[in-house]
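Chains, contacts and geometry: an overview
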Amino acid sequence: SLLSPDDQRILRALSIFRGGFTSAALRDVTGASLNVLVRLVDCSFVHVTGEGRYDIHPLVSQILYERLQASGEVELIHVAHATCYANFINKWTESLKGGQQLQALKAIQSDNANIQLAWHWVIENEDYETINKMWEARLFNTGIDGEPFFENDELVSKLEQSPMVSHLVHGYIL
């Protein structure tokens, strides 16, 4: 095997990302250092896609996700991924209200697939604390290309009907 057991664990965790990731997201979700990322690139498991982004081949990602599920770590990685992108979208929401709107829209758009995955996961798993972090960004729901950052009205309806919806989210809904 080319990789240490820890590097293999990190590689499995990379299967959670959709549409690529940054080194900061890798660190936040897996705890991996830049050195690990360099090793994964050198071994051709990860490729550089430009503008500070990385990705793995979709077929490799599918196999790795199956291994992630078998490892029993999939929920832990989903929680870390959702937290990472809730913090990411929360940070950029402030910029959407101010003078850095174009920069914020570009940053959000580049990780829209990851934001969508996190959004779906937190609603399906009724993670209200993380939903609260992401909710305000829903109000700024359209990217540069006119595509929504948050989709699936069915999920939002489920959330609105939940008796556990916090006052913060409920206040935004009303």
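Here we summarise the structure given alongside this text. (Residues numbered from 1 in each chain as written. Predicted model: local features only at pLDDT ≥ 70, side-chain atom pairs only at ≥ 80, totals over all residues. Heavy atoms only, no water.)

Some details on the overall build of the protein
Operational definition: Helical segments are the DSSP runs of H or I of at least four residues, strand segments are the runs of E of at least two, and each set is numbered from the N terminus. Burial classification: accessible surface area is computed with a 1.4 Å probe over protein chains only, and a residue below 20% of its type maximum counts as buried, one above 50% as exposed, and the rest as partly exposed. Note on areas: Shrake-Rupley, 1.4 Å probe, and residue coverage restricted to the protein chains presented here.
Helices and strands together make up the secondary structure of the protein, namely ten helices and three strands. Taken from the N to the C terminus, the helices and strands of the protein come in the order α-β-α-α-β-β-α-α-α-α-α-α-α. Per-residue burial over the protein gives 45% buried out of 174 residues. Of the roughly 9,300 Å² that the protein leaves accessible, carbon and sulfur atoms contribute 52%.

With respect to the environment of Gly52
You can see Gly52 is positioned in the loop between β2 (47-50) and β3 (53-55). For Gly52, a relative accessible area of 45% corresponds to the partly exposed category. Spatially, the C-alpha atom of Gly52 lies 9.7 Å from that of Ala24, the residues being 28 residues apart in sequence.

Some points on the side chain of Thr30
Defined as follows: Pairing of N or O atoms within 3.5 Å defines a polar contact, subject to two protein rules: one partner must be a possible hydrogen donor and the other a possible acceptor, and residues neighboring in sequence count only if both atoms are side-chain atoms. Here, residues are in contact when the closest pair of their heavy atoms is within 4.5 Å.
Within the secondary structure layout, Thr30 lies in helix α2 (residues 23-30). One polar contact links the side chain of Thr30 to the main-chain carbonyl oxygen of Leu26, over a distance of 2.6 Å. Here the side chain of Thr30 touches Ala32 through a polar contact of 3.1 Å, landing on its backbone nitrogen. Those residues in contact with Thr30, other than ones at most four positions away along the chain, are Arg9, Ile10 and Ala13.

Overview of the pairing of β2
Stated formally: Between any two strands, at least two bridges found by DSSP are needed for them to pair.
By the bridge criterion, three bridges tie β2 to β3 in an arrangement that is antiparallel. When the bridges of β3 are listed, Val48 appears paired with Tyr54.

Points about helix α4 (residues 58-71)
In plain terms, the rule: The length a helix should cover is 1.5 Å for every residue beyond the first.
The first and last C-alpha atoms of α4 sit 20 Å apart over 14 residues, in line with the 20 Å expected at 1.5 Å per residue. Just downstream of α4, Gly72 is the residue with a positive phi angle, here 85°.

Quick look at the sheet that holds β3
Sheets are built from strands that pair by backbone hydrogen bonding, the pairs being arranged parallel or antiparallel. Taken in spatial order, the three strands line up as β1-β3-β2 in an open sheet, and their pairing is antiparallel. The outermost strands of the open sheet, each flanked by one partner alone, are β1 (21-22) and β2. Bridge count for β1 against β3 is two bridges, and the pairing is antiparallel. For Thr22, the partnering residue across the bridge sits in β3 and is Arg53.

Structural notes on the pattern of salt bridges
Threshold: Each salt bridge in this description consists of a side-chain nitrogen of Lys or Arg and a carboxyl oxygen of Asp or Glu lying within 4 Å of one another.
Scanning the entire structure with this criterion turns up five salt bridges. Measuring nitrogen to oxygen at the nearest pair gives 3.0 Å for the salt bridge that ties Arg9 to Asp6. Within this pair, Arg9 and its partner Asp6 are both found in helix α1 (residues 5-13), separated by three residues, close to a single helical turn. The exposure class of Arg9 is partly exposed, given its relative accessible area of 23%. You can call Asp6 partly exposed: its relative accessible area is 40%. Between Arg12 and Glu73 there is a salt bridge, with the nearest N and O atoms lying 3.7 Å from each other. Taken together, the residues Arg12 in helix α1 and Glu73 in the loop between α4 and α5 (74-97) connect sequence positions 61 residues apart.

Worth remembering: the numbers are spatial, not functional.
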